[in-house]
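Residue-level listing of the chains:
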Amino acid sequence: AAALLSQMAPYWVAYDNQFVFTKPVNHIGVPRVRPGGRGFSTSGHFNLGPDEAWVVTLRPLGAASMGFQLTDPWGVAYDYVERTSSLNDAQAKPNADGSYTFVISARDPGVYNWLDPEGHAAGLFAVRWQSLPSNAVPTDAIQDSKVVPLVQLKQVLPAGARLVTPAERKAQLAERTASYIRRLTE
């Protein structure tokens, strides 16, 4: 294990420094076509002030599955069982036009599709579109992306974006945990 770790750690540090942290911060680029027909993906890094939110709207492009995940700056997944550090299209709520708007911020902004970085200001992100129709085009995947002050968040959300009360967030997290437990036991 120690020998394997001594090989893996330098590889991933070099990878992140060369392919992730060289990208602009709080920017989501056009996805790449994944080898072997595995869909599209894009990644990068975020760094937000305590009173900022990064608002990202994605088109699902007919994918069988689309997911958005946050990790810490070293690529270690945040808690995904009892927190919304990742959401897929089955867990998130779509906008009226079928797109999905995700909000990344250190604290809960009261938006259903909040990606929770566990209070951290910075980290990495990855987005994947899996099992796409043959006519899907990567340049159509990103609808909008912007960093805004939290106080202006509701002004930039699409009409009808699902907001939540603290009680609704608690119910969302309880369902998330129950779903995870079902996957492990059934």
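Here's a quick rundown of the structure. (Residues numbered from 1 in each chain as written. Predicted model: local features only at pLDDT ≥ 70, side-chain atom pairs only at ≥ 80, totals over all residues. Heavy atoms only, no water.)

Moving on to a nonpolar patch on the surface. The grouping of L4, M8, Y11, W12, Y15 and F19 at the surface amounts to a nonpolar patch, some 620 Å² of accessible area in total. Relative to the helices and strands, Y15 is located in helix α1 (residues 2-20). Judged by relative accessible area, Y15 falls into the partly exposed class, the value being 31%. (Patch = residues over 30% accessible without salt bridge, like charges linked within 9 Å, V, L, I, M, F, W, Y side chains within 5 Å. Areas by Shrake-Rupley, 256 points an atom, 1.4 Å probe, with all protein chains shown as cover. Salt bridge = Lys/Arg side-chain N within 4 Å of Asp/Glu carboxyl O. Helix = DSSP H or I, 4+ residues; strand = E, 2+ residues; numbered from the N terminus. Buried < 20%, exposed > 50% of the residue type's maximum accessible area, 1.4 Å probe, protein only.)

Across the sheet, 5 strands lie side by side as β1-β2-β8-β4-β5; this open sheet has antiparallel pairing. The sheet is open, and its two borders are formed by β1 (32-33) and β5 (86-88), each paired with just one other strand. By the bridge criterion, 8 bridges tie strand β2 (residues 40-47) to strand β8 (residues 122-130) in an arrangement that is antiparallel. In the strand pairing of β8, S43 is matched with A126. (Pairing = 2+ DSSP bridges.)

Now for the pattern of salt bridges. Taken as a whole, this structure holds 5 salt bridges when the rule is applied. Here D51 ties to R107 by a salt bridge, and the two come within 3.2 Å at their closest N and O atoms. Of this pair, D51 sits in the loop between β2 and β3 (52-58) while R107 sits in the loop between β6 (100-104) and β7 (114-115), and the two are 56 residues apart along the sequence.

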